[in-house]
Amino acid sequence: MAQWSQRWPLDLVDARVRVGVAFSAGADSTALLMAAASRWPGRVVALHVHHGLQAAADHFVAQAQSTCDGLGVELKVVRIKADHSKGESPEDAARRARYLALAEMALEVKAGCVLLGQHADDQVETFFIALGRGAGLPGLSAMGAGFTRHGVFFGRPFLGLSTQTLRDSVASVGQAFVEDPSNTDQRFTRNRIRARLLPAWADTFPGFREAIARTARHAAQAQSLLGDLADIDLDAIGRPPRIAQLQTLPPERQSNALRRWLKNTAHVVASDAQMQELLSQIDACRTRGHHIHIKVAHGHVEREGAHLAFRPPL
Ligand SMILES: Nc1ncnc2c1ncn2[C@@H]1O[C@H](COP(=O)(O)OP(=O)(O)OP(=O)(O)O)[C@@H](O)[C@H]1O
């Protein structure tokens, strides 16, 4: 195990506290758990979410326990059943519930952060999913190195490493891990990208991981500047925005400010069609009695006197 020490880019966390590792028992998070356990002996706790979605879930827990026993790492397991709401895919619901469960476990064991095993190949796949869906800059920025959710910091220290590097490392010490059977299921977009698109892309653009990571960084920087501009505009027009002052901005600046306002206050993202409709209703709203009413995500944006308001569902 000695060679695992200091070998991995784990510097993004303050490890004076306990470190949580989101541990699926797959190859990537096994590499992460081994690296973390070697770097911070006695301070790592593995957090496993039993989805109950797959028949194999019990087998994942058994492997997780055996790996943790071998490494002398405490394992916490929580069972969840993620129901997906209308318009949400089962995978999105499972991911949402997983992050909540991980955050709750981290708070319970007093871990200062949770590390995730996502790597450079996940990053590339995420970028192509966003591109295929016609995403804007937030989507093309792909995954950031860290984010806070449910009051817990989640870090992705392995975004610069390929999955092959991680798998080779795990194999080199003979550590067992599970292969998630759903990773090869061609019904999932991510798996089709991995199996079909990426080999062709790699053939055309050798070194594509670094190039795409660069594009994602450019997108993230540009998005950050747009966020700053939105804050400047919202400082001037108010939160919630005053309709008359919104109307003085050009449409693209209105939509930039409105997206920021909706994200920060209601955690919702308007689709392109919803934003176009909202802009046209704002433009038409020139008289005292004029209404604004437009569905955004699961709620509505409405006029409330001189301002806009977001109404979540009852
Ligand atoms: N059931 C789970 N319990 C705890 N953490 C999980 C679970 N599933 C995924 N994760 C975390 O989220 C990261 C990304 O999830 P993803 O579904 O891409 O990984 P995976 O293929 O299931 O597992 P791995 O990354 O370990 O090979 C994982 O690296 C791991 O840190």
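Note that this is a predicted model, so its numbers are computed, not measured. (Residues numbered from 1 in each chain as written. Predicted model: local features only at pLDDT ≥ 70, side-chain atom pairs only at ≥ 80, totals over all residues.)

1. A few points about the sheet that holds strand β9 (residues 307-311)
Strand order in the open sheet made by the three strands is β7-β8-β9, with antiparallel pairing throughout. Strand pairing shows two members of the sheet lacking a second neighbour, β7 (293-296) and β9, which therefore form its edges. Averaged over all neighbouring strand pairs, the angle between strand axes comes to 30 degrees, with direction disregarded. In terms of strand pairing, β7 meets strand β8 (residues 299-304) through four bridges, oriented antiparallel. For Val 296, the partnering residue across the bridge sits in β8 and is Gly 299. (Pairing = 2+ DSSP bridges. Helix = DSSP H or I, 4+ residues; strand = E, 2+ residues; numbered from the N terminus. Axes fitted to C-alpha atoms, helices over the stretch in contact; angles between N-to-C directions.)

2. Quick word on the domain arrangement of the chain
Each assigned domain of the chain is listed with its residue range as follows: domain 1 (1-204) and domain 2 (212-311). Each of domain 1 and domain 2 has a C-alpha centre, and these two points are 33 Å apart. For the side of domain 1 that touches domain 2, the element with the most residues is helix α4 (residues 120-132), which contributes four residues. Among the residues forming the side of domain 1 that touches domain 2, the class breakdown is seven nonpolar, three polar and no charged. (Domains from an automatic or database assignment. Nonpolar A, V, L, I, M, F, W, Y, C, P; charged D, E, K, R; others polar.)

3. Examining the site of the ligand
Taken together, 18 residues form the shell around the ligand, and within it Ser 24, Gly 26, Asp 28, Ser 29 and Gly 117 come nearest. Of all the elements in the fold, those that place two or more residues in the shell around the ligand are α1 (27-39) and β2 (44-50). Partitioning the shell around the ligand into residue classes produces six nonpolar, eight polar and four charged. (Near = placed C-beta within 6 Å.)

4. Here we look at the confidence of the model for the chain
In this model, the chain carries a mean pLDDT of 91, and residues with pLDDT of at least 70 account for 93%. Scoring the predicted complex yields pTM 0.85 and, for the interface, ipTM 0.92. (pLDDT = per-residue confidence, 0-100.)

5. Structural notes on unusual backbone geometry
Between Arg 239 and the following residue, Pro 240, the backbone shows a cis peptide bond with an omega angle of 5 degrees. Here Pro 240 is to be found in the loop between α8 (208-237) and α9 (243-246). Backbone geometry at His 150 places phi at a positive 55 degrees, although glycine is not the residue there. Turning to its location among the elements, His 150 is positioned in the loop between β5 (146-149) and β6 (152-155). In this structure, His 267 takes a positive phi of about 55 degrees despite not being glycine. Positionally, His 267 belongs in the loop between α10 (251-266) and α11 (272-284).

6. Regarding the nonpolar core
Core analysis: the biggest nonpolar cluster contains 49 residues, and Val 21, Leu 33, Ala 46, Leu 47 and Val 114 have the highest contact counts within it. Examining the composition of this core, we find that eight residues originate from one element, α1, more than from any other. Viewed by domain, this core spans two of them, domain 1 (1-204) and domain 2 (212-311), each represented by three or more residues. Within the second largest apolar cluster, 15 residues are counted, among which are Met 275, Ile 282, Val 296 and Leu 308. (Core = buried A, V, L, I, M, F, W, Y, C linked by C-beta atoms within 7 Å. Buried ≥ 20, exposed ≤ 12 C-beta atoms within 10 Å, placed from the backbone.)

7. What to know about the sheet that holds β5
Taking strand neighbours across the sheet as the criterion, the six strands line up as β3-β2-β1-β4-β6-β5 in an open arrangement whose pairing is mixed. Either end of the sheet is taken by a strand with one partner, and the two such strands are β3 (74-79) and β5. In this sheet, adjacent strand axes meet at a mean angle of 30 degrees when their direction is disregarded. The strands that α1 touches are β1 (18-22), β2 and β4 (111-115); relative to β1, the one it contacts most, it runs at about 165 degrees. Lying on the sheet, helix α3 (residues 90-109) is in contact with β1, β2, β3, β4, β5 and β6; it crosses β2 at an angle near 145 degrees. (Contact = placed C-beta atoms within 7 Å.)

8. Notes on the UniProt feature "domain: tRNA(Ile)-lysidine synthase substrate-binding" (unreviewed entry) in the chain
Following the UniProt record, the feature "domain: tRNA(Ile)-lysidine synthase substrate-binding" (unreviewed entry) maps to residues 243-295 here. The span residues 243-295 carries 62% helix and 6% strand; its end-to-end C-alpha distance comes to 17 Å. (UniProt positions renumbered as here; feature names shortened; annotations may be inferred.)

9. Thoughts on helix α2 (residues 57-71)
Across its 15 residues, α2 extends 21 Å between first and last C-alpha, which sits within 8% of the 21 Å expected from 1.5 Å per residue. Those residues of α2 lying buried are Phe 60, Gln 63, Ala 64, Thr 67, Cys 68 and Leu 71. Taken end-on, α2 shows its buried residues confined to a sector of 130 degrees, consistent with a single buried face. Within α2, the exposed residues directed more than 90 degrees away from the buried face are Asp 58, His 59, Ala 62, Asp 69 and Gly 70. Buried residues along α2 sit in contact with α1, β2 and β3. Just beyond α2, the residue with positive phi is Gly 72, at close to 70 degrees. (Expected span 1.5 Å × (residues − 1). Arc of directions from axis to C-beta.)

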